[in-house]
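# A closer look at the structure
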Amino acid sequence: AVHLYHVGEQAFFLNYKEQLALSDSQYQSISAIQSKWKSTLEDTTKQRDALESQLWELTSQGLPKYNNIKDTISKIESANSTLRLQFIVYVGDAVSVLTSSQIAKINSLWLTKQEVAK
């Protein structure tokens, strides 16, 4: 379905529980995926924040070591990339819980939303 991942990015499809007629099992599976995402987000954000603090310290020095700054910036960007990719993976995991008819319904919801936006 077109834009399937875009629809799922807000709440891993849990905000469409009624429209998709998610079973209890599907709801629990997707909730677990969402919880894993939240944990990953929290852990990676903490790591990135620590790197940002390290970068601040490195750039506060009178004669900063540019290689250390470059390495720290690379680690920060790596954390950002990891978050983006892991989010996409988790949304994909949520998609795999859905049936083909639910995916078709998502496509219909997306198209309706686009028509309303025009």
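Quick look at the structure, then. (Residues numbered from 1 in each chain as written. Predicted model: local features only at pLDDT ≥ 70, side-chain atom pairs only at ≥ 80, totals over all residues. Heavy atoms only, no water.)

### Brief notes about the overall build of the protein chain
Scanning the protein chain for helices and strands turns up five helices and zero strands. Each principal axis of the C-alpha distribution contributes one length, and for the protein chain these read about 60 × 35 × 15 Å. Relative to its 118 residues, the protein chain shows a buried fraction of 32%. For the protein chain, long-range pairs separated by at least 24 residues make up 71% of all intrachain contacts whose partners lie at least 6 apart in sequence. A total of about 7700 Å² of accessible surface is found on the protein chain, and carbon and sulfur atoms cover 52% of it. The centroid of the 12 positive side-chain charges in the protein chain is displaced by 3 Å from the centroid of its 12 negative side-chain charges. (Helix = DSSP H or I, 4+ residues; strand = E, 2+ residues; numbered from the N terminus. Buried < 20%, exposed > 50% of the residue type's maximum accessible area, 1.4 Å probe, protein only. Contact = heavy atoms within 4.5 Å. Areas by Shrake-Rupley, 256 points an atom, 1.4 Å probe, with all protein chains shown as cover. Lys, Arg positive; Asp, Glu negative; His and termini not counted. Charge placed at Lys NZ, Arg CZ, Asp CG, Glu CD.)

### Remarks on the side chain of Gln 26
Tracing the chain through its elements places Gln 26 in helix H3 (residues 24-59). In this structure, Gln 26 is in contact with Ala 21, Val 97, Leu 98, Thr 99 and Gln 102, ignoring residues within four places of it in sequence.

### Quick word on the packing of H3 against helix H4 (residues 66-95)
Running from N to C, H3 and H4 point in directions that differ by 170°, and their axes come no closer than 9 Å. Regarding the angle of H3 to H4, the classification is roughly antiparallel. Looking at the contact of H3 with H4 residue by residue, the classes come out as 15 nonpolar, nine polar and five charged. (Axes fitted to C-alpha atoms, helices over the stretch in contact; angles between N-to-C directions. Parallel < 35°, antiparallel > 145°, perpendicular 65-115°, else oblique. Nonpolar A, V, L, I, M, F, W, Y, C, P; charged D, E, K, R; others polar.)

### A word on the pattern of salt bridges
With the rule as written, the count across this model stands at one salt bridge. Its salt-bridge partner being Glu 42, residue Lys 46 comes within 3.3 Å of it at the nearest N-O pair. Placement of both Lys 46 and Glu 42 in helix H3 is noted, with a separation of four residues, approximately one turn of the helix. The exposure class of Lys 46 is exposed, given its relative accessible area of 52%. Owing to a relative accessible area of 44%, Glu 42 belongs among the partly exposed residues under this scheme. (Salt bridge = Lys/Arg side-chain N within 4 Å of Asp/Glu carboxyl O.)

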